[in-house]
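Summary of structural features
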Amino acid sequence: VTSIPAVPSSTQQTLPWNVTAQSFYVDLEERGARYVHSAVLSNLEPNTEYYFEIYYNNKKQRTGTYLTLPSENLEREILIAAGGDAGTTAHAKEMSSTLHNHTIDAIMVGGDLAYDNGIPSCYYSWDLFLNMFEGVNQKLGRVIPLLFSVGNHDLGFNAFQDAEIDITKNLYYIYFPQQTKISSDESSH
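The following refers to the structure shown. (Residues numbered from 1 in each chain as written. Predicted model: local features only at pLDDT ≥ 70, side-chain atom pairs only at ≥ 80, totals over all residues. Heavy atoms only, no water.)

1. Here we look at the overall build of the protein chain
When you go through the protein chain residue by residue, the secondary structure sums to six helices and eight strands. For the protein chain, with 189 residues in total, the buried portion stands at 30%. Considering only residue pairs separated by 6 or more positions, the protein chain has 60% of its internal contacts joining residues 24 or more positions apart. Accessible surface computed for the protein chain: about 12,400 Å², of which carbon and sulfur atoms make up 51%. (Helix = DSSP H or I, 4+ residues; strand = E, 2+ residues; numbered from the N terminus. Buried < 20%, exposed > 50% of the residue type's maximum accessible area, 1.4 Å probe, protein only. Contact = heavy atoms within 4.5 Å. Areas by Shrake-Rupley, 256 points an atom, 1.4 Å probe, with all protein chains shown as cover.)

Structure representation (C-alpha cells):
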C-alpha cells in the first residue's frame, strides 16, 4: 500500500509509506478459497484525505481515497451510520444503498453481520454483505471505514448453547484480524 496526499496531480508527492500486508490463506471450498491481506497504516494526519494504491503480485489492483477522522479538537462534525443485525436482507440492502445520501465518516454495524453462523462454507455470506457497501464507497468517492462488533451469528452459537469457538477457523476473525500498535507514549509507562 502506498499513500499519497489527495491533492491535484501536478503537486502529488509520494509519502514514505509503503506497507507490506500480512497475508492469510483461507482454505475454503475450491471456488471460495482466497487470501486475506491486512495492513496497518500508522501516523496518518487527522482530517486529511489520502490517496492509496493497492498492489498484488506487482500489479495495481485498486486505487482510492480515504479521509481520516478529525483530531480530538473536532475540526468538523463526525457522522457515523450505525445499525446491527444486518445480514443481506432486502431491508439491509435498501438501507445500505441510501447511505451515500449523507456525508458519513464511518459505518458501524453492531454484531450479527453476514449471518454465516460461523460456518466456513458460508463464506459467500460475507462476500454479499461486504459488497453492499461498495456502492457507498463509489458514490461518495472514497473508502468509508467499517466498524464491526461480533455477534452470536458471526461466531456460530446461540445464548442457550455451550460452545467453544475456534477463532482460527472463524471467518469473522480471519477476515478482520485485530492488530495492536503500542504508541511511544504508552510504551514509556
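Back to the write-up after that little detour.
2. A short note on helix α2 (residues 123-131)
Regarding α2, the residues found buried are Y123, S125, W126 and F129. The buried residues of α2 all sit within an arc of 150 degrees when viewed along its axis, so they share a single face. The elements touched by buried residues of α2 are β3 (34-38), β7 (106-110), β8 (146-149), α4 (152-155) and α5 (171-175). (Arc of directions from axis to C-beta.)

3. Structural notes on the sheet that holds strand β6 (residues 80-83)
The three strands are arranged β6-β7-β8 in an open sheet whose pairing can be described as parallel. Lying at the two open borders of the sheet, with one neighbouring strand each, are β6 and β8. The mean angle between the axes of side-by-side strands here comes to 15 degrees, regardless of whether they run parallel or antiparallel. (Pairing = 2+ DSSP bridges. Axes fitted to C-alpha atoms, helices over the stretch in contact; angles between N-to-C directions.)

4. Digging into the layout of surface pockets
Considering only enclosed or pocket space, the largest pocket measures out at about 2,300 Å³ in volume. Looking at the lining of the largest pocket, the elements with two or more residues in it are β3, β4 (49-56), β5 (59-67), α2, α3 (134-140), β8 and α5. Looking at side-chain class alone, the lining of the largest pocket contains 31 nonpolar, 13 polar and six charged residues. Taken as a whole, the second largest pocket holds about 300 Å³ of empty space. Forming the boundary of the second largest pocket are 18 residues, of which G83, G84, A86, A92 and M95 lie nearest the centre. Ranked by residues supplied to the lining of the second largest pocket, first place goes to helix α1 (residues 90-97) with four residues. Residue classes in the lining of the second largest pocket are distributed as 12 nonpolar, five polar and one charged. (1 Å grid on protein atoms, 1.4 Å probe; cavity = no way out; pocket = protein on both sides within 12 Å on 5 of 7 lines; lining within 4 Å. Points joined across faces, edges and corners; volume = space filled by probe spheres on them. Nonpolar A, V, L, I, M, F, W, Y, C, P; charged D, E, K, R; others polar.)

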